[in-house]
Amino acid sequence: MRTFTTTLGGEPVQVDAPEPGTFDPEWFRLVFPSGGLYGLDVESTYMDALAQWSPDFGLRLIQFAAEDTAVVLTLSDPDQLLAARALLADVTVSFASHGNMDVLSTAVVLGVDITSRNIDTLNLARMAFTAKADKRDLKDLTTRLIGPELEAADAALLAHFWDLWPGRRNAKRSDVERHGWSAVSTDEPRYLVYAGLDAVAARALVDILIPLTGAPPALLEVEAWLAGRANRIQILGMLVDTDRLTALEAEAQEATSRAEARILELTGGVKARSPKLQDWLADHGVNWDCWEGALTEGGKPSLAKDNVALLWDFELDAAGSEVVSELAAFRGHQDLLVKTKGVRDHLASDGRVHPVLAPNGATTTARMSSSGPNFQNFSKRDPRMRGVFVPEPGHVFVTIDFDQVELRVVAGRAREPKMIDTILAGGDLHQLTVDELAAAGIEIDRDTGKMANFLIVYGGGGKALHEQAGIPLEDAYAIVRAHRDRYEQISAWSQYLALERQAVRTISNRRLPVTLDKHGNPRVYANVNYDTQSGARELLVHAWLYLDLVCGLGELVWYPIHDELVLQVPEADVDAVVAQAETAMRFDFLGVPISASAIVLVDEHGDSRWMTSKLAEKIAAANGVAA
DNA sequence: TGCCCTTGCGCG
DNA sequence: AAAGCGCGCAAGGGCA
C-alpha cells in the first residue's frame, strides 16, 4: 500500500493507493461501507471532443473519498476494477462528484449507471454562485471555500507533465497536458495525491455548498433528480440518420462555398462574413447614411439575413449587385451549414450524438441549456435538420408543448384577474389585450397585441415595440402605457419585483441574481422576465417529475426544450402515453390552468422523425414528392 | 499561436 | 423616465 499524508483546508487527509496485485477487497469495503455518501472522481486519458464516446477514451484511476480519506484505485488491476464496480453498483451508496464527467465515465466505460445516486457539486455551485463572473470549477471552488492544497497539487502535477514532455520546452501547454494525462505513471506520487484530493474536495463541497445555495431541501432533491435524468439522456444519445445528414451537409457546403468564393473573387479578397464587406459595398453603390435597416449593437449597419434584401434599394454597380445576391445565397444556407457541421463534429462511432443537457445551465434563470450539439435551437422554419434525428427502432416521437406557458406564469404570479378569467374561459390572451387597449381608446391588431404581451414578459418598452412592430415611437409608448394601465396587477407585480436589487426568489424559492447594466446599475426591469422564465422552467420540470414518479414514464423523455417535452414512445404504447403525458402537463398553477397538447411526429412516409407531419408534407410538396 | 470581443442566427 | 430576456455555436479580426 502506498500511503500519502497531506492536508486539505489544513485538515489531515490520507490518500491510500493499493499496489496492483496486493489489493484487499475487505479492507476497501471497511473504508466505504454501504449506505454512505462518498466523493468520486476519475482520471482518464486526455479527452478529445467526443470525450467518453471516443474510441481513444480510457479510464486510468478511480478515486473514492470519505471525509478525510481517499482511496485511489488503479483500473488496470482486475481486482481493483472489480471492487470499484461493486462499490458503484451498491444501490445504498451515493456519490458526490463535480460535473458529469465521472458519472458518464462510470456508465460508458465501467458499465455501472449511478446517475440516480449522484450529487453534482457543479450544480450546487451554480445555485450557490449565480453571478456570471463566478468561477465554478473544482479547483477554484476548493481554493475559495476550503484551502489551497488542491490547486498546489494540480500545479505540481502540471509541472511534472512538463518533465514528461519529450520535445522542446517551449511547447504548447495544451499539447503537454494532452500528453501528460496519458503518459503519467500510475505510480507517480504527484498524480496519486492530486487524484485523491479531488475526491476529498468533491465530498467536502457537498456540505459546504448546500447551505450556500439558500435553496429549500425539496428544490435540491428535484435538482438532483433532474441532473440524473439529464445524464441518462446524454448517455443514451440520439440516433442520427447519417444519409440525410450527409445530403444536407453537401447542399449547405456547396451553396455556401460557391457564394463565398464568388464574393471573394468580386471583392478582391473580402470574405462573406467579414466586417470589411460594409466598406466594400460603400464603394459599389451603397450609401450607409441612407440605411433604414437594423443596426448592430456596435451601431454599424447589420448585414443579417433579413437586411440583405434592403440593399437592393441602392443604385448598385454590376459587381455590387452580384455580391448582394451571393450574400443572400450565403446567408440562406449559413444556418444549415453550421448545424450540419455541428452534428457531424459530435457524431460518435455508435451513430449517435450525446448532447450535454445542463440542468441549470442558464446563469440568471436556471433554464436548462444544451450543447454538443445544442438541441434547443434547430430551425423550425427549415425543419430538414430536425428530420435528421430518428427514434430508436420500434419507437415514435411525440412532442407535447405547454400552451402560452410564460403568459400564464405571469398571470398567476401577478394574480391578474383579467388574464386569469380569460384563460379559465378558454379565451385568447392576445385578443384580450386588443380589447383592453380598445377600451382605453387605442386600436391595434392582434399581432401588435401579441407583441405588447411579450414585451411585458421580456421587460421591454416602447422603443422595442416601435422597432419590432414598425409603428411610430409615440404610438408604441402609448400602447405600453395603456397596457400598464389596463393590467393593474401585472404593473403592481413588476413594480414589486423591481424593488429587488440583489436577487429575486422564484415560486420554488430559488434565488436568481439581479443582473447589472454596463454602468453597474441593477436592471430591475428584467426581474419579471427572470421570475417568469425560471417559473416556466420549473413547471416543465414539475411535469417531467410527475411523468416519472407517478406514471413511471420519465425514461421516455427524449429531450426537453423549454416549454416542450419530446418523448420517444414504443409504437404500441402511443395512445396510452399521450394520455398520461397530457395529464402530467395539465395542472393548476396558482389558480391558472396550465394546458398542453401532444403531436405524434410521423413523416410523409409514415416514419417517425423529429419533425411534424405537417412540415414534412410541406417539404414534400415543395420537392414534388407525393405525401 | 491563443484569447477575447463582435457579429450573425437559430430556438424558447 | 426608460430599459426585450435567456441560451450555444462559428467565423473574423484585433491584440499580446
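In what follows, the structure referred to is the one given above.
Rules behind the numbers
- Numbering of residues starts from 1 in every chain and runs along the sequence as written.
- In the order they appear in the text, chains get letters beginning with A and ligands get numbers beginning with 1.
- Whole-chain, interface and lining totals are the exception, using all residues; otherwise, since this is a predicted model, local features are given only for residues with pLDDT of at least 70 and side-chain atom pairs are given and counted only at 80 or more.
- Derived side-chain values reflect all non-hydrogen atoms in the structure, with water molecules and hydrogen atoms excluded from consideration.
- Neighbouring residues are identified by heavy atoms, a residue being near a molecule or strand if any of them is within 4 Å of it.
- We define a polar contact as two N or O atoms separated by no more than 3.5 Å, with the added condition that, inside protein, one atom must be a possible hydrogen donor and the other a possible acceptor, whereas residues neighbouring each other in sequence contribute only through side-chain atom pairs.
- By definition, any uninterrupted DSSP run of H or I lasting at least four residues is a helix, any uninterrupted run of E lasting at least two residues is a strand, and each is numbered from the N terminus.
- Only Asp, Glu, Lys and Arg are considered charged in this grouping, and only Ala, Val, Leu, Ile, Met, Phe, Trp, Tyr, Cys and Pro are considered nonpolar; every other residue, Gly among them, is considered polar.
- Whether a residue is buried, partly exposed or exposed follows from its accessible area with a 1.4 Å probe, protein chains only, as a fraction of its type maximum: under 20%, in between, or over 50%, in that order.
- Each pair of strands is called paired provided DSSP finds at least two bridges between the two strands.
- Helix span, as expected, comes to 1.5 Å for every residue beyond the first.
- Within this analysis, patches are made of residues with over 30% relative accessible area and no salt bridge. Like charges are joined at 9 Å or less; nonpolar side chains (Val, Leu, Ile, Met, Phe, Trp, Tyr) at 5 Å or less.
- Note on areas: Shrake-Rupley, 1.4 Å probe, and residue coverage restricted to the protein chains presented here.
- One speaks of a salt bridge when a side-chain nitrogen belonging to Lys or Arg is within 4 Å of a carboxyl oxygen belonging to Asp or Glu.
- Between N-to-C directions, angles span 0 to 180 degrees; the directions come from axes that are lines fitted to C-alpha atoms, helices contributing only their stretch in contact.
- When checking whether two residues touch, look at their non-hydrogen atoms; a contact exists if any pair is within 4.5 Å.
- Lys and Arg are tallied as positive, Asp and Glu as negative. Neither His nor the chain termini are counted.
- For classification purposes, angles smaller than 35 degrees are called roughly parallel, those larger than 145 roughly antiparallel, those between 65 and 115 roughly perpendicular, and all remaining angles oblique.

Participant: Account for the protein's contact with DNA strand B, with residues named and values stated.
Facilitator: Taken together, 25 residues form the shell around DNA strand B, and within it Thr296, Ala304, Lys305, Lys380 and Asp563 come nearest. Considering DNA strand B, the proportion of its atoms within 4 Å of the protein that are sugar or phosphate atoms stands at 86%. Here a phosphate oxygen of DNA strand B sits 2.7 Å away from a polar atom, N or O, in the main chain of Lys380. The dominant element in the surface near DNA strand B, judged by the number of residues it contributes, is helix H13 (residues 318-345), at four residues. By residue class, the composition of the surface near DNA strand B is four nonpolar, nine polar and 12 charged.

Participant: So what's going on with the pairing of strand S13 (residues 395-402)? Residues and values would help.
Facilitator: Of all eight residues in S13, six are buried; the element is thus mostly enclosed. Bridging between S13 and strand S17 (residues 564-570) involves seven bridges; their strand directions are antiparallel. Bridge pairing in S17 places Val396 opposite Val569. In the sheet, S13 pairs with strand S20 (residues 596-601) via six bridges, with the strands oriented antiparallel. In the sheet register, Asp401 faces S20, and the bridge partner there is Ser597.

Participant: Kindly report on the pairing of strand S4 (residues 59-65), identifying the contributing residues and their values.
Facilitator: With seven of seven residues buried, S4 is to be regarded as a mostly interior element. With six bridges connecting them, strand S3 (residues 37-44) and S4 associate as antiparallel partners. Bridge pairing links Val42 to Ile62 in S4. With five bridges joining them, S4 and strand S5 (residues 69-74) adopt antiparallel strand pairing. Bridge pairing links Phe64 to Val71 in S5. Here S4 folds back onto S5 in antiparallel fashion, the turn holding three residues.

Participant: Tell me about helix H9 (residues 217-236), and please be specific about residues and values.
Facilitator: With 20 residues, H9 ought to run about 28 Å at 1.5 Å a step, and its terminal C-alpha atoms sit 29 Å apart, in line with that. Regarding H9, the residues found buried are Leu219, Leu220, Glu223, Trp225, Leu226, Ala227, Gly228, Arg229, Ala230, Asn231, Ile233 and Gln234. Gly237, located one to two residues past H9, shows a positive phi value of around 75 degrees.

Participant: Pulling in residues and values, what's your account of a nonpolar patch on the surface?
Facilitator: A grouping of Tyr546, Leu549 and Val550 is seen on the molecular surface, where their side chains present a nonpolar patch of about 300 Å² in accessible area. Within the secondary structure, Tyr546 is located in helix H21 (residues 527-549).

Participant: Help me get a handle on the sheet that holds strand S16 (residues 557-560), residues and values and all.
Facilitator: Within the open sheet, the four strands sit side by side as S16-S17-S13-S20. Their pairing is antiparallel. With partners counted over all chains shown, the strands left at the sheet margins are S16 and S20, one partner each. With direction set aside, neighbouring strand axes in the sheet form an average angle of 20 degrees.

Participant: Would you mind going over the side chain of His284 in detail, with residue names and values included?
Facilitator: Inspection of the secondary structure assignment puts His284 in the loop between helix H11 (277-282) and helix H12 (305-308). Under the relative-accessibility criterion, His284 is labelled buried at 18%. Excluding residues within four positions of it along the chain, His284 makes contact with Glu315, Leu316, Asp317, Ala319 and Gly320.

Participant: Account for the side chain of Glu564, naming residues and giving values.
Facilitator: Considering the arrangement of structural elements, one finds Glu564 in strand S17. Of the side chains bearing the opposite charge, Arg386 lies closest to the buried Glu564, which forms no salt bridge; the N-O distance is 5.0 Å. A polar atom in the side chain of Glu564 sits 2.6 Å from the side chain of Thr399. For Glu564, the contacting residues outside a window of four places in its chain are Thr399, Ile400, Asp401, Leu540 and Tyr559.

Participant: Which residues make up the packing of helix H5 (residues 138-145) against helix H6 (residues 149-164), and what are the values?
Facilitator: Where H5 contacts H6, the two axes come as close as 7 Å, and the packing angle between them is 140 degrees. With respect to their mutual orientation, H5 and H6 come out oblique. Contacts from Leu138, Lys139, Thr142 and Thr143 of H5 reach H6 at Leu150, Glu151 and Asp154. Of the residues in the contact of H5 with H6, the class split is two nonpolar, two polar and three charged.

Participant: Can you break down the protein's contact with DNA strand C residue by residue, with the values?
Facilitator: Taken together, the neighbourhood of DNA strand C is formed by 33 residues, with Ser274, Tyr458, Arg523, Tyr530 and Gln533 sitting nearest. Arg273 is positioned with one of its side-chain polar atoms (N or O) 3.3 Å from a base nitrogen of DNA strand C. Within the contact set of DNA strand C, a phosphate oxygen lies 3.1 Å away from a side-chain nitrogen or oxygen of Lys341. Within the surface near DNA strand C, the residues separate by chemical class into eight nonpolar, 17 polar and eight charged.

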